Amino acid sequence: MKEYNPHEIEPRLQEAWAAADAYKVSDDGDRPKKYVLEMFPYPSGDIHMGHVSNYTYGDVIARYSTMRGFDVLHPMGWDAFGLPAENAAIKRNSHPAKWTYENIATQQASFQRMGFSYDWDRKVVACDPEYYRWGQWLFLKFWERGLVERKNSPVNWCPDCKTVLANEQVEEGTCWRCHSEVEKRDLTQWYFKITDYAQQLLDDLDQLDGWPERVKQQQANWIGRSEGAEVDFRVVPIADSASSAECQNDETITVFTTRADTLFGCSFFLLAPEYPGLEEFVAGAGHEAEVHELVEAAKKVSAVERAQGDREKHGVFTGRYVVNPVNGEQVPVWVADYVVADYGTGAVMAVPCGDQRDFEFARKYDLPIPPIILQDDDPLFERLNGQKDRVVTSVDWEAAMDAEGTLVQSGDYTGMQGGKHSEGEAAIVAALESAGAGRRKVEFRLRDWLISRQRYWGNPIPAIHCDHCGVVPVPEDQLPVLLPEDINLAAGETLATHEKFAACTCPKCGSPARRETDTMDTFTCSSWYYMRYTDPRNDSAPFASEKANTWLPVDQYIGGIEHAILHLLYSRFFTKVCRDMGLLDFDEPFTNLLCQGMVLDEKGDVMSKSKGNVVSPEDKIDEFGADVVRAYMLFLGPPEKEKLWNDKGLEGINKFLNRTWRVVHDLVGKAGDNTLFDPTADALNAHGKAMEMKRERHRVVGKVTADFDRYSFNTALAAIMELVNATSDFLRLREAEHRINCETGGPLCRDVAETIVKLLAPIAPHWAEELWQSALDHDDSVHKQPWPDFDPELAKADEVELAVQINGKVRAKITVAADAAEDDIRSAALAAAADHTAGKEVVKAIVIPSRLVNIVVK
RNA sequence: GGGGGUGUGGCGGAAUUGGCAGACGCAGCGGACUUAAAAUCCGCCUCCGAAAGGAAUCAGGGUUCGAGUCCCUGCACCCCUACCA
């Protein structure tokens, strides 16, 4: 027997697999299809444990699926555009492509060292023109469908990355990538109108039974659908504002509210500091200076500070009034820094008695807090119940009264129930609608996706600016718009200053024009790469629909929870647009989603260079080989949970694979040994152990299969260990030269050896292949073998031990035949527990077959 | 503030539908082999107790013949998100 030597086996088999195209998959195989996909990596350099974890899960699922009889598409590629490459290039005075392709080569070599079974013929690299060309093509198609928009608005600007960011890319007021503070700037930018799909993106979450609940919840929260109403407040002209004279003008300001039922409690009105036209609105009302001061102060408040929960609220009176449409009351208009400009209309009706924020603001600036919604146990309730007109103008509460209650001091609506979607709300909205002062409205929190970036290393937006024709799409036959290679980033050159790139002619009128010099957000690249894998070398379309519809949707998608919103939402959007274009015939790209937990150090801390606790996968492969690293990663715990890396545990798995290697060889050595049964006492024992091993073989295959199906790899591995332990028990007796009969001897040993090797094949592919070919003497690959069968009948023991409980406490054990009748079990249990039941009344005895008997006594 | 989740030995974790809590492994302890060590193999290993026995799945209550699992109350921790009107 050769010793287990991963350092010799692994490179040799990897070469053999590559030479044989072992993991290439054909589009027209006749087996059922399965698409197993892991999120493609950013080529950041050496791989880390997060990669090992993510891609090991994917590889095990892919290999297992193949053995279960599927044609498995399991591709790999790189999300290769993005800022780190550009920053590295600037630092080294080199080109982003160089850094990117070098890192891809490094990572690809590492993936091959890990033994991952990718179909490398389908490799997709997002910064290759053959890929990004079709990203541009999709952009043009989106544009044709009215889903591309260029507009000026306040946007998030990262001063470090020197580019704008999408809403989704701002985390607590900082850039998701470099965590610099994000600034607001007014810029004209390109958007994808993802909001057109807001409702579908929300509704179709219901289709995603195979997604973790929390991811769906996060997406639903991000889309943030609110049902409510728009309400128009007429603006009181400046000359009239002091008097109660009826105002004549038609100017209105509209608010969005989910609580129209509380309109009678509106005692002031708020505008965001960024409210469009604010300056004109306050002009001449006598408070221009204060308003200006507040607006300027609000601008200076950093996004980080803004994001930190309980900020003190600031506001200033504008000198103007608006009219509450439900009661004709004039209420003062204030500018307040807690009103956000880009939700709803940027204007808010303030109801201090029902909204904690408005309540605090009213307290601070001494504004009235009229009570209009009360619970029955409120001290005021008795007095105000049924009271239609306002007799109490302000209350002295500790906090606002949120949620539901009975409306009071609310005119004709007094006595109705108030609350979200309440009777009172419906009645007031209906009245506003018939008066033309309001309408039902559904508001979303989701904003349009800002996709333009002021950076070089991205996919150029295929548009041309012409003085005569405006913004014109680049004609399809002129794609791709190639990134110029001759650019000196270190010297500060950008696409915008790259004259040769920017200069062009207008495709419409032929006059000199300028090319768009923004590139697309890299998330556009990752929104459709899984489609490209189905037809990666197509040079006349992003993919052929038949191929995409054959393989997609992805049956199992695997990646980190950090993409719960960004990438997954954008990909769902792309899929729906492609469906509406007729390119795809399904609604959702990823049927099942597995979000794997982080790999942490043994204390549970995040691995980071600054902490010096990073465990390098390459080092561990050098030491133990890839199979040990893979198996240990799986053994650490459930995929979706965090995993604490511990080198001692890794050594434990190393011992296991070494021991099992020897066990398989031992079994093979006995496989030809068909000596007859020798009826000595020890031999009887050996026969018993053999039978036990046989039972374990069937039980464990059943258990491992079920565990693989639910991705419980740690328990699958534990079950395999149990089989190996039972086998060791048997072999130990064989070592003493006791014989078992030929019927159960040789063939059983061989069956168990092959079973163990097959069960471990997805987990430790090189280890298994080597044993399959050299120890078990096959000339094909274990990875092409069918998954082992099992017979549940053979997994059953002849006799089972049951616990006998008295009032729920285990007091005795009995051994009965596995198929014993319930009555027989009951009487055996009563007999065994006689000591404990003596002198007591047996109320009943509950028999749970093959588990326990519970005798209830008094 | 809103949402999602978790709580089991010294540690990672198991217990799939309510049915013998702690599978499997790590660490630890003891033993065999060895001149010795490593490797390997065997045994012990929740806590209290000498033992019989008792207690124990964050705390408290409930449902049930039976609860880690279901329900209620509270505590602790983690993740996401946030002046969203």
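Before going further, it helps to examine helix α5 (residues 129-144). An ideal rise of 1.5 Å per residue puts 22 Å on 16 residues; α5 measures up with 22 Å between its terminal C-alpha atoms. Buried residues of α5: Tyr-131, Tyr-132, Trp-134, Gly-135, Gln-136, Trp-137, Leu-138, Phe-139, Leu-140, Lys-141, Phe-142 and Trp-143, and no others. One or two steps after α5, the chain reaches Gly-146, where phi turns positive at roughly 75 degrees.

Before going further, it helps to spend a moment on the sheet that holds strand β29 (residues 593-596). Reading across from one edge, β2-β1-β28-β29 is the order of the 4 strands in this open sheet, with parallel pairing throughout. Unpaired on one side and paired on the other, β2 (71-73) and β29 mark the two borders of the sheet. Between one strand axis and the next, the sheet turns through 20 degrees on average, direction left out of account. When strand β28 (residues 556-560) meets β29, the two strands line up parallel, connected through 4 bridges. The residue bridging Tyr-557 from the neighbouring strand is Leu-593, located in β29.

Take the nonpolar core next. Within the largest apolar cluster, 180 residues are counted, with the highest numbers of intra-cluster contacts made by Phe-139, Trp-449, Phe-573, Trp-645 and Trp-767. For this core, the leading source of residues is helix α23 (residues 713-735), giving 10 residues. Counting residues in hydrophobic clusters, the runner-up holds 60 residues, among them Val-316, Ile-372, Ile-373 and Val-408.

In this fold, Gln-409 is placed in the loop between β17 (405-407) and β18 (417-418). One polar contact links the side chain of Gln-409 to the main-chain carbonyl oxygen of Pro-371, over a distance of 2.8 Å. Engagement of the side chain of Gln-409 in a polar contact is seen with the backbone nitrogen of Val-392, the distance being 2.8 Å. Beyond its immediate chain neighbours, meaning those up to four positions away, Gln-409 contacts Phe-264, Pro-371, Ile-372, Leu-384, Gln-387, Lys-388, Asp-389, Arg-390, Val-391, Val-392 and Thr-414.

The next subject is the packing of helix α2 (residues 49-67) against helix α20 (residues 626-635). In the contact formed by α2 and α20, the axes pass within 10 Å of each other and the chain directions differ by 90 degrees. Regarding the angle of α2 to α20, the classification is roughly perpendicular. Here Met-49, Val-52, Ser-53, Thr-56, Tyr-57, Asp-59, Val-60 and Arg-63 of α2 come into contact with α20, specifically with Val-629, Arg-630, Met-633 and Leu-634. When its residues are assigned to classes, the contact of α2 with α20 shows 7 nonpolar, 2 polar and 3 charged.

Of note, Ile-428 is situated in helix α13 (residues 423-435). For the pair Ile-428 and Val-326, spaced 102 residues apart in sequence, the C-alpha separation works out to 8.0 Å. Setting aside residues up to four positions removed in sequence, Ile-428 forms contacts with Ala-260, Asp-261, Leu-263, Phe-264, Val-326 and Tyr-413.

As a structural note, the neighbourhood of RNA strand B is formed by 51 residues, with Tyr-343, Glu-722, Arg-732, Lys-813 and Arg-851 the closest of them. Counting only the atoms of RNA strand B that lie within 4 Å of the protein, the sugar and phosphate share comes to 61%. The contact in question runs from a sugar or linking oxygen of RNA strand B to an N or O atom on the side chain of Gln-218, over 3.1 Å. Taken together, the elements giving at least two residues each to the surface near RNA strand B come down to α7 (213-223), β11 (252-257), α21 (647-671), α23, β32 (799-806), β33 (809-817), β34 (842-848) and β35 (852-857). Its residues placed into classes, the surface near RNA strand B shows 18 nonpolar, 11 polar and 22 charged.

The next thing to look at is helix α19 (residues 617-624). Those residues of α19 that fall on the buried side of the exposure criterion are Pro-617, Glu-618, Lys-620, Ile-621 and Phe-624. Across the axial projection of α19, the buried residues extend over an arc of 160 degrees, all falling on one side. Its side-chain oxygen 3.3 Å from the backbone nitrogen of Glu-618, Ser-616 forms the N-cap of α19. Of the residues trailing α19, Gly-625 is marked for its positive phi of about 90 degrees.

On to the pattern of salt bridges, then. In total, this model carries 55 salt bridges according to the counting rule given. Here Lys-151 and Asp-448 are joined by a salt bridge, their closest N and O atoms 3.6 Å apart. In this pair, Lys-151 is assigned in strand β5 (residues 148-158) and Asp-448 in the loop between β19 (438-444) and β20 (449-450), connecting sequence segments 297 residues apart. Lys-151 gets classed as partly exposed once you look at its relative accessible area, which sits at 26%. Classification of Asp-448 by relative accessible area gives buried; the value is 14%. Linked through salt bridges whose partners overlap, the residues forming this network are Asp-27, Asp-119, Arg-122, Asp-535 and Lys-547.

With that settled, consider the environment of Ala-845. Checked against the element boundaries, Ala-845 lands in strand β34. Note: C-alpha distance between Ala-845 and Asn-807 (38 residues apart in sequence) is 9.6 Å. Beyond its immediate sequence surroundings of up to four residues, Ala-845 is in contact with Arg-826, Val-853, Asn-854 and Ile-855.

Below, the discussion takes up the packing of aromatic side chains. Tallied over the entire structure, the rule returns 54 aromatic pairs. Here the aromatic rings of Phe-139 and Trp-190 are separated by 5.7 Å at their centres, their planes lie at 65 degrees, and the arrangement is edge-to-face. Of the two residues, Phe-139 is situated in helix α5 and Trp-190 in strand β9 (residues 183-192); the sequence distance between them amounts to 51 residues. By relative accessible area, which is 1% here, Trp-190 ends up buried. The interplanar angle of 80 degrees and the centroid separation of 5.7 Å between the aromatic rings of Tyr-529 and Tyr-530 together place this pair among those described as edge-to-face. In this structure Tyr-529 comes out as buried when scored by relative accessible area, which is 0%. Lying over the aromatic face of Trp-551, Lys-33 brings its terminal NZ or CZ to 5.5 Å of the ring centre. The positively charged end of Arg-320 is found above the aromatic ring belonging to Phe-281, 4.6 Å away from the centroid.

Rules used in this analysis
- Residues numbered from 1 in each chain as written.
- Chains lettered and ligands numbered in written order.
- Predicted model: local features only at pLDDT ≥ 70, side-chain atom pairs only at ≥ 80, totals over all residues.
- Heavy atoms only, no water.
- Helix = DSSP H or I, 4+ residues; strand = E, 2+ residues; numbered from the N terminus.
- Expected span 1.5 Å × (residues − 1).
- Buried < 20%, exposed > 50% of the residue type's maximum accessible area, 1.4 Å probe, protein only.
- Pairing = 2+ DSSP bridges.
- Axes fitted to C-alpha atoms, helices over the stretch in contact; angles between N-to-C directions.
- Core = buried A, V, L, I, M, F, W, Y, C linked by side-chain atoms within 4.5 Å.
- Polar contact = N/O pair within 3.5 Å; in protein donor to acceptor, adjacent residues only side chain to side chain.
- Contact = heavy atoms within 4.5 Å.
- Parallel < 35°, antiparallel > 145°, perpendicular 65-115°, else oblique.
- Nonpolar A, V, L, I, M, F, W, Y, C, P; charged D, E, K, R; others polar.
- Near = heavy atom within 4 Å.
- Arc of directions from axis to C-beta.
- Salt bridge = Lys/Arg side-chain N within 4 Å of Asp/Glu carboxyl O.
- Phe/Tyr/Trp six-rings, centres within 6.5 Å; stacked < 30°, edge-to-face > 60°.
- Lys NZ or Arg CZ within 6 Å of the ring centre and 35° of its normal.

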